[in-house]
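Structure at a glance
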4 protein chains.
Amino acid sequence: MIRVAVSGYKGKMGHEVVKTVLREADLELVAVLDKDPTEKNINELTEFSELNVPVYAELDKLLNEINPEVVVDFTMPSVAYSNTKQIIQHGARAVVGTTGFTSEQIKELQTLSSEKKVGSLIAPNFAVGAVLMMQFAEKAAEYFPNVEIIELHHDKKLDAPSGTAVKTAEMMAKTREKIKQGANGEVESIQGARGADYEGMRIHSVRLPGLVAHQEVIFGDVGQGLTIRHDSYDRISFMSGVALAIRKTAEYDTLIYGLENIL
Amino acid sequence: MIRVAVSGYKGKMGHEVVKTVLREADLELVAVLDKDPTEKNINELTEFSELNVPVYAELDKLLNEINPEVVVDFTMPSVAYSNTKQIIQHGARAVVGTTGFTSEQIKELQTLSSEKKVGSLIAPNFAVGAVLMMQFAEKAAEYFPNVEIIELHHDKKLDAPSGTAVKTAEMMAKTREKIKQGANGEVESIQGARGADYEGMRIHSVRLPGLVAHQEVIFGDVGQGLTIRHDSYDRISFMSGVALAIRKTAEYDTLIYGLENIL
Amino acid sequence: MIRVAVSGYKGKMGHEVVKTVLREADLELVAVLDKDPTEKNINELTEFSELNVPVYAELDKLLNEINPEVVVDFTMPSVAYSNTKQIIQHGARAVVGTTGFTSEQIKELQTLSSEKKVGSLIAPNFAVGAVLMMQFAEKAAEYFPNVEIIELHHDKKLDAPSGTAVKTAEMMAKTREKIKQGANGEVESIQGARGADYEGMRIHSVRLPGLVAHQEVIFGDVGQGLTIRHDSYDRISFMSGVALAIRKTAEYDTLIYGLENIL
Amino acid sequence: MIRVAVSGYKGKMGHEVVKTVLREADLELVAVLDKDPTEKNINELTEFSELNVPVYAELDKLLNEINPEVVVDFTMPSVAYSNTKQIIQHGARAVVGTTGFTSEQIKELQTLSSEKKVGSLIAPNFAVGAVLMMQFAEKAAEYFPNVEIIELHHDKKLDAPSGTAVKTAEMMAKTREKIKQGANGEVESIQGARGADYEGMRIHSVRLPGLVAHQEVIFGDVGQGLTIRHDSYDRISFMSGVALAIRKTAEYDTLIYGLENIL
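The notes below deal with the structure included here. All residue numbers refer to positions counted from 1 along the written sequence of the respective chain. Chains carry letters and ligands carry numbers; both start at the beginning, A for chains and 1 for ligands, and go up in the order they are written. Only residues with pLDDT of at least 70 are given local features in this predicted model, and only at 80 or more are side-chain atom pairs given and counted; all residues enter the totals for whole chains, interfaces and linings. To get the side-chain values, take all heavy atoms of the structure and skip hydrogens and water.

1. Let's talk about the interface of chain C and chain A
Short version of the rule: Here, two residues are considered to be in contact whenever any of their heavy atoms come within 4.5 Å of each other. Buried area is a sum: the accessible area each of two parts loses on coming together, probed at 1.4 Å, counted once for each and added. Salt bridges are identified by distance alone: a Lys or Arg side-chain nitrogen within 4 Å of an Asp or Glu carboxyl oxygen. Side-chain atoms alone can form a polar contact between residues adjacent in sequence; in general such a contact is a pair of N or O atoms within 3.5 Å, and within protein one must be able to donate a hydrogen while the other accepts it. Only Asp, Glu, Lys and Arg are considered charged in this grouping, and only Ala, Val, Leu, Ile, Met, Phe, Trp, Tyr, Cys and Pro are considered nonpolar; every other residue, Gly among them, is considered polar.
Residue-level contacts link four residues of chain C with four residues of chain A. In total, about 260 Å² of surface goes out of reach between chain C and chain A, with carbon and sulfur atoms giving 65% of it. Linking chain C with chain A are zero salt bridges, by the criterion used here. Inspection of the chain C/chain A interface yields zero residue pairs in polar contact (both at pLDDT 80 or more). Taken together, the residues that form the side of chain C that touches chain A break down as two nonpolar, two polar and no charged.

2. Considering the pattern of salt bridges
Once their charged atoms are close, side chains differing in charge can pair, the charge on each being opposite to the other. All names here are of chain A. The test is simple: Elements are defined by DSSP. Helices are runs of H or I of four residues or more, strands are runs of E of two residues or more, and each kind is numbered from the N terminus.
According to the stated counting rule, one finds 60 salt bridges over all chains in the structure shown. Among the ionic pairs, Glu39 bridges to Lys10, the shortest N-O distance being 2.7 Å. Taken as a pair, Glu39 in the loop between strand E2 (27-33) and strand E3 (55-56) and Lys10 in the loop between strand E1 (2-7) and helix H1 (12-23) lie far apart in primary sequence, 29 residues in all. A cluster of three or more residues bridged by salt bridges with shared partners is formed by Glu24, Asp26 and Arg247.

3. Overview of the relation of the copies chain B and chain A
Filter applied, for reference: Here the copies are superposed with least squares, the fitted atoms being C-alpha atoms of residues at a pLDDT of at least 70 in both.
It takes a turn of 180 degrees to lay chain B on chain A, together with a shift of 0.0 Å along the axis; the resulting RMSD is 0.1 Å. On this basis, the relationship between the two copies can be described by a two-fold rotation axis. Judged by C-alpha distance, B:Gly192 is the residue of chain B that lies nearest the rotation axis, at 2.0 Å. An overlap of 100% is found between the interface residues of chain B and their copies at the interface of chain A, pointing to a shared contact surface.

4. Re the sheet that holds strand E10 (residues 196-198) of chain A
The criterion, for reference: DSSP bridges decide pairing: two strands pair if at least two such bridges lie between them. Axis definition: a line fitted to C-alpha atoms, over the contacting stretch in the case of helices. Angles run 0 to 180 degrees between N-to-C directions.
Overall, mixed pairing links the 10 strands, which are arranged E10(A)-E11(A)-E7(A)-E12(A)-E13(A)-E13(D)-E12(D)-E7(D)-E11(D)-E10(D) in an open sheet. The two strands at the open ends of the sheet, each matched to only one other strand, are E10 of chain A together with strand E10 (196-198) of chain D. Pairwise comparison of adjacent strand axes, ignoring direction, gives a mean angle of 20 degrees for this sheet. For strand E7 (residues 147-153) of chain D and strand E12 (residues 213-221) of chain D, the ladder comprises seven bridges, and the chain directions are antiparallel. Across the sheet, the residue bridging to D:Leu152 is D:His214, located in E12(D).

5. Here we look at the interface of chain B and chain A
Counting residues at the interface gives 45 residues for chain B, matched by 45 residues for chain A. Taken over both partners, the interface formed by chain B and chain A buries close to 3,100 Å², and the fraction arising from carbon and sulfur atoms is 62%. At the level of elements, strand E7 (147-153), strand E8 (159-160), strand E9 (187-188), strand E10 (196-198), strand E11 (201-207) and strand E12 (213-221) of chain B are the ones that each hand at least two residues to the side of chain B that touches chain A. It is E11(B) that provides the largest number of residues to the side of chain B that touches chain A, a total of five residues. For the side of chain B that touches chain A, a count of residues per class yields 19 nonpolar, 15 polar and 11 charged. As defined by bridge partners, strand E8 (residues 159-160) of chain A adjoins E9(B) across two bridges and the pair is classed as parallel. Pairing of A:Asp159 across the sheet is with B:Val187, part of E9(B).

6. Remarks on the pairing of strand E12 (residues 213-221) of chain C
Residue and element names in this part refer to chain C. To keep things clear, this is the line we draw: Think of it in three bands: with a 1.4 Å probe and only protein chains considered, a residue is buried below 20% of the maximum accessible area for its type, exposed above 50%, and partly exposed in between.
For E12, the tally of buried residues reaches eight of nine residues, placing the bulk of the element in the interior. Judged from the nine bridges that link them, E12 and strand E13 (residues 224-232) form a sheet pairing that is antiparallel. What sits directly across from Glu216, in E13, is Arg229. Between E12 and E13, which pair antiparallel one after the other, the connecting turn spans two residues, and Gly223 there sits at a positive phi close to 80 degrees.

7. Considerations on the packing of helix H3 (residues 77-90) of chain D against helix H4 (residues 103-116) of chain D
Residues and elements named next belong to chain D. Put simply, the rule reads: We call two directions roughly parallel when the angle between them is under 35 degrees, roughly antiparallel when it is over 145, roughly perpendicular when it lies between 65 and 115, and oblique otherwise.
At a minimum axis distance of 9 Å, the contact between H3 and H4 shows a crossing angle of 10 degrees. Put simply, H3 runs roughly parallel to H4. Mapping the contact onto sequence places Tyr81, Thr84, Lys85, Ile88 and Gln89 in H3 and Gln105, Glu108, Leu109, Leu112, Ser113 and Lys116 in H4. When its residues are assigned to classes, the contact of H3 with H4 shows four nonpolar, four polar and three charged.

8. Overview of the packing of aromatic side chains
All names here are of chain C. Operational definition: Any two of the Phe, Tyr and Trp rings considered here, Trp counted by its six-membered ring, make a pair once their centres fall within 6.5 Å; the pair's planes then place it as stacked at under 30 degrees, edge-to-face at over 60, or tilted in between.
Following the criterion strictly, the structure yields 12 aromatic pairs over all chains and no others. Centroid distance Phe144 to Phe219: 6.3 Å. Interplanar angle 45 degrees. Geometry classified as tilted. Highlighted residues: Phe144 in the loop between helix H5 (128-141) and strand E7 (147-153) and Phe219 in strand E12, separated in sequence by 75 residues. Looking at Phe219, the relative accessible area reads 2%, which means it is buried.

Shown next, in the form of structure tokens:
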């Protein structure tokens, strides 16, 4: 059993982390933290009435009294840096989903982790499926330079193409032979038909009600095609990535940035 | 058994029509026509050595001697009009896949068909699946005004969007409530991401080696999606439409233009 | 503006109906009904604090005082029948999503509707997309007898194949030529690979976490394919069907059973 | 320029290899081999009339006179082994698509290759896309134990599930946590609906006219899905794998079995 504490347990994501730790057989919830808690024990919440897990308002007190192996932090950019530093300083592994770290802060925390020989992970995105899609696309682009991306999102999204689509194209650009796609002399009878051009790869953005966040990367070659698709329906999809990080950080002795680097 | 003659039997399409008539249990191949034949009987061709079907060089001789119920014509625009006129004049049903008829010619042939009470069909496109896709899209657009088209073709295709995509959009425009799709204030960070705009509907053209001709019409609504996809791998897909037309024209007493009008 | 009352406004579906009526520009919410209301006006609920819509506990009082054009009923089987009868009796159109009507009750209500010349609709399923998918499949099966169904649901679903898949197959069986599909001498090296056999059509049931309710109907023919897919993410997808029924029942002078009959 | 000879150039695959070598800018066709050739030079064939490439009937003569860097062999099982041995013995790289090698033969050829420090490749399947699909599935199964396979083939295929589907499942079984999929108490109202069971993973085999060879591997997790699809339209899809092997074997100093081991 891995002894896990959850910082920010009253937030949307923190609450999901609590439920994930309770559900996984090899994880044990040993404490939770909130800067301004209304309970002393998590069992004061109806949902968790059968548990017995202390609630803390101060991280150092939690670390000293409970001594967790891992602390998961989904809080606010303003406190995430000092939280992470404190956790690693104490010798516990930090699994951090809060965004907004500067590259200096990350470097500093990596140095600290290496000194303490503590494995930790900071990741802006814990969706294992999305990361795998991008890794697979990067590898396939090495063999199939003809590729287009179709990303599909709900119709309230303001920007096109999506950040994930652009990131996928960037990753493929590293392995893909630089070729111009499509026919020579290709003509758009209605402007925009061939989509956005990213180094010769085309990106198409579909926006429809009912959709959430989806992406298809389609490779074509003589006589064959290869398609990789990721569907994201809900941010709770992050939870399998969090559980993975809680376990996998044990195998490292420094801080890793980005989920892709532990897959 | 429906007694069928095939005009233009040495062309790519005509040759497929011959094979189709031979394969279908309720159709009988009674004669074939070519303007400059090298055989007297189709059994001089190795492929058809076990048959006994006369070859004609002149349509009127074929009509008078054989008296077929249906003549299928896949020839050249230069002769298709006079062929069709002759066939209907004789009282046989014409099923014509040759393109290039003017609207005056079609009207004249319709008048003639009505007088003779002969059912005939001229169709530029015999792909039943593509026609059904367009009909279904037209109907669905009545209930789901939020719709985007993704059409995917081989990478030698010069024009984008495809003719089928534009025709589909035109048909949907007839039933669809005129709304602007996507978010207000939507921004393309790379131009073209949101595709071609056809009356508010977006069309995306994918071009990749290995593909042939494919189209997806994607409807979105709160909590649900509906997608209609057609894949065309080969022009022999036209043959089920030809067989259908051979049978169905029996139910009409005038000339129909367009396969969609008998489905 | 169509004057609409909502019966069962405190239930999950009734609550969605209220929101739908408020959102649609041509619909006006004139009253709501609950058998045991805690409010006198809907504006006592925070969510609807800016409205002014009276709450009723008795249907006849609502009908007499408010005289709505349409009453939408999502209640319990035990009261739905008498509610519907009362609504039609009064001369208002009933749009009913409650299930459990016997065929005798439906016949009786149809007779009553015809006498009163009132258009009404009872539908066990208001998902327009699912109904269109089934209608399109029925039509396509007339031309493409080779068809397989893949239905995909969440992994808590107990029965396979799904009710929708079986209903789709039943509808296709009406128009489809009865043929045996697959190769003669086909062998399953692992039992079940070729799926469930429904009159020669194969049905495949996929069960995975993350999925909700999806179905693909795949038609194949020489050189082409046609696919119809419906994705259902949430029961709120019913709402576009409810709004449609509120409007469309005005065009009828009897009671219709089943959404498919007004599409 | 890599100097390439093609053994078996009159076979379907060998002919495609010749065209591939001619098309690729960094490859040079230096000789071709057939056991019973009717030409002395490939330019006696109309298709290749502008080339000047000698035709050989004996492999050792070709090796000694031409000294190619790579010999590609698509011949018959009866000669492939001795051909491969001779090629490696001579110090040229062998790229072999002929099937039917025993494991003893492969071991012996590997020993010989290592002695000669010659990189070679024998592969029963040169479809890069199919191999990538299987590798990606193997990796994804490590994180997503809930997975089903849908494989779709033409309706003349006798066996179900396909060899590729079973091989994919075998590969996933190595990395996937062994869990039972689907709901407890799941019931098939029509037998076979849930497909073939391979260690808890379900495989569904679709057979329709118009299809060639396609496979989807669908992973599901809470709130997300990941799908990997390969479409194979024609055996010429093997050619990108052959070109890759011609280049990549230069980086090895022994014989590799299986395309997956150089990707």
